[in-house]
Amino acid sequence: MRKIFILFISLLMLSACTNGSNQDIEKENLSIICPAGAPALGFYNKLDNLQIAEAGIIKAQVLSNDKPDIAVLPTNVAVALINGGAEYKLASTITFGNFYICSTGNDEDGIMSKEDNIVLFGEGSIPDLVFHYVYGNEFDDAITYVNDASVALREIVSSTSEADYVLIAQPALFTAISKNEKAKEYANLQELYYEKSGCDMYQASIIVSNNIDHDVAVRFLSEVKEDINALLENPEIIKSVIEEKQIAQEDVQSLFGNVDADISVIKNNNGIGIGYKNAYDNKQAIDIYLELFNLKGTNEEIYFQ
Amino acid sequence: MKKFTSNKIFLRICGFVLFCLLWFVASEIIQQKTFILPGPIETFKYMFELLQKPYIYNCIGTSLLNMIIGFTYSFIVAFILGVISGNNYHFKEMLVVPMTAMKSVPTASLVYLILMFAGIIKVPIYIVMLVCIPIIYEAVVSGIENIDKVYLDALRITNVGIIKANVKIKIPLAMPYILVGISSSFALSFKIEIMAEVITGSSKLGLGSAIATSQRVDPTNMVPIFAYSLFAIILMVIIDTIISYLKKKIVRL
């Protein structure tokens with residue numbers, strides 16, 4: 001019994017030491033948290049402080065006692081949180097939509113109609129809302145919902161799938177087409193959204209904590225903007241950074257997913273929808289986008305200026 | 001020959017080989033193997049590749065450390081509360097509702113609840129604590145309550161102090177129950193810890209994070225998921241064996 005007691009006390013002391021050292025390191029740099037995929041690519045030059053998490057987790061983290069300095073969230077979620085009292089400002093948007101309709105090759109006539117089997121992911125969330133904004137309720141009887149993009153991808157690749165058209169995001173579409181010869185891009189929802197609304201889709205945005213020094217935040221955002229512009233000019237730059245910092249393959253995957261697929265998609269007309277636009281300068285476009293979520297126009301106070 | 005074929009280890013190896021054969025046959029029957037049910041050969045090959053990189057060791061170490069820290073804290077809290085409840089009816093009744101709530105609340109909800117108070121990194125530790133505390137608590141309480149009345153009567157007669165009575169007599173007598181609680185919650189804590197990592201989807205290390213990442217990178221390839229799951233199973237078998245050995249040692253004492 002005595003030995004077991006001593007062992008437990010030792011483990012307690014060990015855990016206490018571990019916690020202390022981590023906190024010291026975090027205070028020196030701005031902590032960044034963002035979802036995996038396109039948003040994470042924008043921070044390829046800030047990997048030391050970057051943490052990936054699901055959007056729901058990021059939302060909870062922003063409201064918690066352990067707030068990140070910088071967070072990336074769906075724009076509608078970011079605005080709702082700030083309006084609800086979260087101590088952040090909406091700074092800029094870094095992804096402008098990466099949703100596509102993929103035809104699986106099962107539909108003989110190759111034209112999406114009410115008689116086909118259409119699979120969407122994220123019922124009630126951004127992909128679903130964008131689809132309905134573009135197409136209305138015309139196809140509602142033909143729609144089946146799945147949980148997320150990975151399940152949607154399986155609907156395209158599986159030989160037993162009965163889906164004719166599947167809503168999917170990049171770079172999952174790139175992966176799907178590489179695994180299913182008959183699959184191809186049927187519609188680009190970003191283009192259709194632009195035709196209908198006259199604006200870009202301000203999908204995911206950076207929010208900045210009010211506790212950060214203003215100049216530090218301005219400098220940070222300016223660096224992110226430069227990094228994203230450099231990425232768009234030369235997508236291979238990610239690989240150079242990874243090589244230079246000698247990041248292990250598995251760590252790269254946990255941050256960016258399939259980097260080769262990401263690079264190919266960016267080279268192909270920036271299919272992943274990454275970019276950088278100041279939020280305040282594009283307030284009107286953001287307000288139009290937020291109408292999808294029944295959110296009224298934003299107040300100037302929520303913007304980082 | 002009969003002694004050899006009746007040997008526990010031999011029988012367990014036979015069971016494992018039979019399982020692998022069934023697995024192999026099932027994966028061969030299904031088309032699109034890597035997509036739905038990768039076979040043992042592909043899985044073991046991938047596991048072998050993983051073993052040559054530091055990543056898997058970091059993941060296993062992180063998950064184990066989170067589990068051990070969470071379990072240690074939960075044992076201390078549950079043990080203290082259990083001993084008090086075992087000795088005091090009123091205190092025990094006061095804890096009925098909180099313990100029931102802790103047992104019943106969905107683990108996925110706990111993740112979001114805990115995030116409000118702790119960072120992403122600590123979520124798996126707290127999840128393990130909240131799941132294990134009720135189990136160990138009940139084991140300690142049951143152990144103390146099921147002590148033979150003869151011993152309790154003897155304690156009353158001898159007029160031993162309450163702390164000495166618990167430390168020297170009640171807790172040792174309750175040990176079989178406590179050990180059962182420890183072994184069942186320990187195994188569960190590992191599964192829960194991995195699940196918490198998957199739900200948070202964090203880029204930090206851990207077997208759960210590795211599973212979530214592999215799904216993100218290529219959802220059509222199930223080989224990594226099977227491989228990481230097998231690592232978790234093998235670890236649990238090892239831990240279970242150690243716990244069973246320690247249990248026998250402690251009971252003998």
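Here, the structure is the one placed above.
Analysis parameters
- Residues numbered from 1 in each chain as written.
- Chains lettered and ligands numbered in written order.
- Predicted model: local features only at pLDDT ≥ 70, side-chain atom pairs only at ≥ 80, totals over all residues.
- Heavy atoms only, no water.
- Helix = DSSP H or I, 4+ residues; strand = E, 2+ residues; numbered from the N terminus.
- Buried < 20%, exposed > 50% of the residue type's maximum accessible area, 1.4 Å probe, protein only.
- Contact = heavy atoms within 4.5 Å.
- Areas by Shrake-Rupley, 256 points an atom, 1.4 Å probe, with all protein chains shown as cover.
- Lys, Arg positive; Asp, Glu negative; His and termini not counted.
- Charge placed at Lys NZ, Arg CZ, Asp CG, Glu CD.
- Phe/Tyr/Trp six-rings, centres within 6.5 Å; stacked < 30°, edge-to-face > 60°.
- Polar contact = N/O pair within 3.5 Å; in protein donor to acceptor, adjacent residues only side chain to side chain.
- Arc of directions from axis to C-beta.
- Buried area = accessible area lost by both parts, 1.4 Å probe.
- Salt bridge = Lys/Arg side-chain N within 4 Å of Asp/Glu carboxyl O.
- Pairing = 2+ DSSP bridges.
- Axes fitted to C-alpha atoms, helices over the stretch in contact; angles between N-to-C directions.
- Patch = residues over 30% accessible without salt bridge, like charges linked within 9 Å, V, L, I, M, F, W, Y side chains within 5 Å.

A.B. asks: Help me out: how do you make sense of the overall build of chain B in this one?
C.D. replies: Secondary structure summary: chain B contains 13 helices and zero strands in total. The linear arrangement of helices and strands in chain B, starting from the amino end, is α-α-α-α-α-α-α-α-α-α-α-α-α. Summarising its shape, the C-alpha atoms of chain B cover approximately 70 × 60 × 30 Å along the three principal directions. Taken over 253 residues, chain B has a buried fraction of 43%. Nonlocal contacts in chain B, meaning residues at least 24 apart in sequence, comprise 71% of its contacts between residues at least 6 apart. Summed over all atoms, the accessible surface of chain B reaches about 13600 Å², with 72% contributed by carbon and sulfur. Of note, chain B has its 22 positive side-chain charges centred 9 Å away from the centre of its 12 negative side-chain charges.

A.B. asks: How should the packing of aromatic side chains be read in this particular structure?
C.D. replies: By convention here, two paired aromatic rings are described through the distance between centres and the angle between planes. Residues and elements named next belong to chain A. The final tally for this structure, using the stated rule, is 16 aromatic pairs over all chains. With centroids separated by 4.9 Å and ring planes inclined at 45°, the aromatic side chains of Phe 131 and Tyr 135 adopt a geometry described as tilted. Taken together, the residues Phe 131 and Tyr 135, both in helix α5 (residues 126-135) and four residues apart, mark about one turn of the helix. By the burial criterion, Phe 131 is buried, and Tyr 135 matches it. Joined through ring pairs, the aromatic side chains of Tyr 133, Tyr 193, Tyr 289 and Phe 293 make up one cluster.

A.B. asks: What's the story with the environment of Thr 93 of chain A in this structure? I'm lost.
C.D. replies: Residue and element names in this part refer to chain A. Looking at the element boundaries, Thr 93 is found in strand β4 (residues 88-95). Its relative accessible area of 0% is what places Thr 93 among the buried residues. Measuring from C-alpha to C-alpha, the distance between Thr 93 and Phe 121 comes to 23 Å, with 28 residues separating the pair along the chain. With near-sequence residues (within four places) excluded, Thr 93 lies in contact with Tyr 202, Gln 203, Ala 204, Ser 205, Gly 275, Tyr 276, Lys 277 and Ile 286. Side-chain polar atoms of Thr 93 contact the side chain of Ser 205, separated by 2.9 Å.

A.B. asks: I tried to follow the side chain of Asn 180 of chain A on my own but got confused; where do I start?
C.D. replies: All names here are of chain A. With respect to the helices and strands, the residue Asn 180 is situated in the loop between α7 (172-179) and β9 (184-188). Classification of Asn 180 as buried rests on a relative accessible area of 12%. Among the polar contacts listed, one links the side chain of Asn 180 to the backbone oxygen of Ile 156, at a separation of 2.8 Å.

A.B. asks: So what exactly am I meant to see when it comes to helix α8 (residues 189-197) of chain A here?
C.D. replies: Because an α-helix packs 3.6 residues into every turn, residues spaced three or four apart end up facing the same way. Residues and elements named next belong to chain A. Within α8 the residues assigned to the buried category are Leu 189, Gln 190, Tyr 193 and Ser 197. Considered in projection along α8, the buried side chains sweep an arc of 100° and stay on one side of the axis. Looking at the buried side of α8, the elements it contacts are β5 (99-103), α5, β8 (165-169), β9 and α13 (283-290). Phi turns positive, to about 80°, at Gly 198, one or two residues after α8.

A.B. asks: Just to check I follow, could you spell out the interface of chain A and chain B for this structure?
C.D. replies: By a frequent convention, interface size equals the accessible area lost on bringing the separate parts together. If you look at the interface, chain A gives 40 residues, while chain B gives 40 residues. Between chain A and chain B, a total of about 3300 Å² is buried, with carbon and sulfur atoms accounting for 64% of that surface. The interface formed by chain A and chain B holds two salt bridges in total. Where Lys 179 of chain A meets Asp 218 of chain B, a salt bridge forms, and the shortest distance between an N and an O atom there is 3.1 Å.

A.B. asks: Please explain the pairing of strand β3 (residues 70-74) of chain A as it appears in this structure.
C.D. replies: For a regular strand, the rule is simple: side chains alternate between the two faces of the sheet. Residue and element names in this part refer to chain A. Counting buried residues along β3, five of its five residues qualify, which places the element largely inside the surrounding structure. Of the pairings in the sheet, the one linking β3 to strand β10 (residues 204-209) comprises five bridges and is antiparallel in character. Across the sheet, the residue bridging to Ala 71 is Ile 207, located in β10.

A.B. asks: I'm lost on the side chain of Ser 158 of chain A in this one. Help?
C.D. replies: Among the secondary structure elements, Ser 158 of chain A is positioned in the loop between α6 (149-157) and β8. Looking at Ser 158 of chain A, its side chain comes within polar contact range of the side chain of Thr 160 of chain A, at 2.9 Å.

A.B. asks: Explanation requested: the pattern of salt bridges in the structure shown.
C.D. replies: Oppositely charged side chains can pair when the atoms bearing their charge come close. Residues and elements named next belong to chain B. Per the stated rule, a full pass over the model turns up ten salt bridges over all chains. Among the salt bridges present, the one from Lys 92 reaches Glu 145, with a minimum N-O distance of 2.7 Å. Separated by 53 residues along the polypeptide, Lys 92 in helix α6 (residues 89-94) and Glu 145 in helix α9 (residues 123-145) bring together distant segments of the chain. Residue classification places Lys 92 among the partly exposed positions, given a relative accessible area of 22%.

A.B. asks: Even after reading the chapter, I still don't get the sheet that holds strand β2 (residues 50-52) of chain A, so can you show me in this structure?
C.D. replies: Hydrogen bonds between backbone atoms are what pair the strands of a sheet, whose relative direction is either parallel or antiparallel. Residue and element names in this part refer to chain A. Spatially, the six strands line up as an open sheet ordered β2-β1-β3-β10-β4-β11, and their pairing is mixed. In the strand order of this sheet, the two ends are held by β2 and β11 (274-278), each with one partner. The mean inter-strand angle of the sheet, taken between neighbouring strand axes irrespective of direction, is 30°.

A.B. asks: Help me out: how do you make sense of the sheet that holds strand β7 (residues 143-146) of chain A in this one?
C.D. replies: Residues and elements named next belong to chain A. With mixed pairing, five strands are arranged side by side in an open sheet as β7-β6-β8-β5-β9. Each edge of the open sheet carries a strand with a single partner, namely β7 and β9. Direction aside, the axes of adjacent strands within the sheet are offset by 35° on average. As judged from the four bridges shared by β5 and β9, these two strands associate in the antiparallel manner. Note on β9: the bridge partner recorded for Tyr 100 is Asn 188. Relative to β8, α6 is tilted by about 140°, and along the sheet it contacts β5, β6 (118-121), β7 and β8.

A.B. asks: What should I look at first to understand a nonpolar patch on the surface in this one?
C.D. replies: Residues and elements named next belong to chain B. On the surface, Ile 9, Ile 13, Phe 16, Val 17, Leu 18, Phe 19, Leu 21, Leu 22 and Phe 44 cluster together into a nonpolar patch covering about 910 Å² of accessible area. Along the chain, Ile 13 turns up in helix α2 (residues 8-29). The partly exposed category is assigned to Ile 13, whose relative accessible area is 48%.

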